[in-house]
Amino acid sequence: MSSYPPSGPPQTTTLRQRLADLRGPAVPPRPLDARALAALAANPGCGRRALLDGAGVDKTALASALGTPAAFGQSQFAIVRGNSFEAKVKGDGGTELLRLVYERLGAGSEPPGGTARVPDLTAAGPDGRAGRTALALREATAAARAEGAWTFLDHPMLVLEVAGTPAYLEPDAIVVHPDGRWTVVEIKSFPMIDGSADAAKVGAAARQAAVYVLALEKTAARLEGAAVGHLALLVCPKDFSNLPTAAVLDVRKQRAVTRRQLDRLTRVEELAAGLPEGLSFDPARSAEELAEAVAAVSASYAPDCLAACELAFHCRQRAREADAVTVLGRSVRGELGMLATVGAALAAADGIRGPAAGEAADPTAEALHRAARLRAEALETAAAHPYQRPEAPECPC
Ligand code: SF4
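Residues numbered from 1 in each chain as written. Predicted model: local features only at pLDDT ≥ 70, side-chain atom pairs only at ≥ 80, totals over all residues. Heavy atoms only, no water.

Brief notes about the site of the ligand
Taken together, Asn43, Cys46, Arg48, Arg49, Ala299, Ser300, Tyr301, Cys305, Cys309, Leu311, Ala312 and Cys315 are the residues near the ligand. Among the secondary structure elements, those contributing two or more residues to the shell around the ligand are helix 3 (47-54) and helix 11 (312-321). Along the lines of polarity and charge, the residues of the shell around the ligand split into eight nonpolar, two polar and two charged. (Near = heavy atom within 4 Å. Helix = DSSP H or I, 4+ residues; strand = E, 2+ residues; numbered from the N terminus. Nonpolar A, V, L, I, M, F, W, Y, C, P; charged D, E, K, R; others polar.)

In structure tokens:
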């Protein structure tokens, strides 16, 4: 539907050709979805992922061709359970979902009652559905202003331009409040026990909601009186039941990180500029050639990649081979400062690695050495007096 074109400059022919060469001549570009865009924000320092996603490389096929296939995806049981929970939350014209939105984010408005609008969003193709959604949002905002109506949009279609091409995104729901505010609703099947859920899963849901908020902001910018809330609603099963409960997610930070990442993707040309001619991630190439191509792009592996990126097993293997401290997690990496390998950290703890002549002492290496000494002393004391609790050593920092 031409009434809802993605904005921004299209890719040039030269760039399109370069990206096609990177993917492989016969490989169509893989469109980005909300999960992939959200995962970009999970590792903002990784140039490898930014380039592969920007070029539309199929990372699942690439990981398999490298011999390290990704073990991704939900089980059939989890999918069925998720679908049935979502149907329950949205049943009866979204009554329960609207009640949760009103309860958590509806302060100052009239309760939705049974009068909420539920527009029909069916249309042909993703472009048609995106156009239909934009129209429904326009009408919902007008109805909110005119009569204070609530509107529930079930599986709307949003479009966000990424690296010059449209990415189609389908949030679980959007609610338009009587004050014209738009709220993204994410429905997940993991449980919220005693009011809190798995932090990693909540983080992933917040990053996904942030992608939808970014896409919605593009639409809202064209509509007078429309505003996108930076608070999204996460709906999950309560405790061990099938009853829905909800928590508010403030997605400002995730939105800022995702926006920065998308800007990097739009500069995919720059990312590709430093790569040698003829380099390609075509899964038809041999594993050795592909490993060489992947190694040519800098990466920033962290254990979180295992939950977010198809190349995680390959990158973890390479990081282990390089003895990189990144395999121990971002916080350890941050603590170790200039000590980039596990060997260097152990050498510093043993006091083997000292500053070279004329070099300033590394405070991280000194702190590690002191901590290792204190630990050895504490162990010696414990061995000498097995029934006596050792005194807590002086804090090394
Ligand atoms: S798995 Fe590799 S490519 Fe993917 S985000 Fe992590 S470091 Fe980057």
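Comments concerning the environment of glutamine 76
Mapped onto the elements of the fold, glutamine 76 is located in helix 5 (residues 76-105). Residue glutamine 76 is classed as exposed on the basis of its relative accessible area of 59%. Along the primary structure glutamine 76 and glycine 91 are separated by 15 residues, whereas in three dimensions their C-alpha atoms are 22 Å apart. (Buried < 20%, exposed > 50% of the residue type's maximum accessible area, 1.4 Å probe, protein only.)

Some details on unusual backbone geometry
When glycine is set aside, most residues are seen to have a negative phi, and most peptide bonds are trans. Despite not being glycine, aspartate 194 shows a phi value in the positive range, around 50°. Relative to the helices and strands, aspartate 194 is located in the loop between strand 5 (181-187) and helix 7 (199-220).

A short note on the side chain of arginine 48
Along the chain, arginine 48 turns up in helix 3. Excluding residues that lie within four positions of it along the chain, arginine 48 makes contacts with Val294, Ala295, Val297, Ser298, Ala299, Leu311, His314 and Cys315. (Contact = heavy atoms within 4.5 Å.)

Some words on the packing of aromatic side chains
What describes a pair of aromatic rings is the distance from one ring centre to the other and the angle between the planes of the rings. Considering all chains together, one arrives at one aromatic pair under this definition. Seen from their ring centres, tyrosine 102 and tryptophan 150 are 6.1 Å apart, and the 80° between their planes marks the pair as edge-to-face. Here tyrosine 102, found in helix 5, pairs with tryptophan 150, found in the loop between helix 6 (125-147) and strand 1 (151-154); they are 48 residues apart in sequence, far enough to count as distant. (Phe/Tyr/Trp six-rings, centres within 6.5 Å; stacked < 30°, edge-to-face > 60°.)

Concerning the pattern of salt bridges
In the structure shown here, the tally under the stated rule is 18 salt bridges. Notably, a salt bridge pairs glutamate 310 with lysine 59, separated by 3.5 Å at the nearest N-O pair. Here the residue glutamate 310 occupies a position in the loop between helix 10 (287-295) and helix 11, and lysine 59 occupies one in helix 4 (residues 59-65), the gap between them amounting to 251 residues. Lysine 59 gets classed as buried once you look at its relative accessible area, which sits at 5%. In this structure, glutamate 321 engages arginine 318 in a salt bridge whose closest nitrogen and oxygen atoms are separated by 3.4 Å. Within this pair, glutamate 321 and its partner arginine 318 are both found in helix 11, separated by three residues, close to a single helical turn. Within this structure, Arg49, Asp53, Lys59 and Glu310 form a network of salt bridges that share partners. (Salt bridge = Lys/Arg side-chain N within 4 Å of Asp/Glu carboxyl O.)

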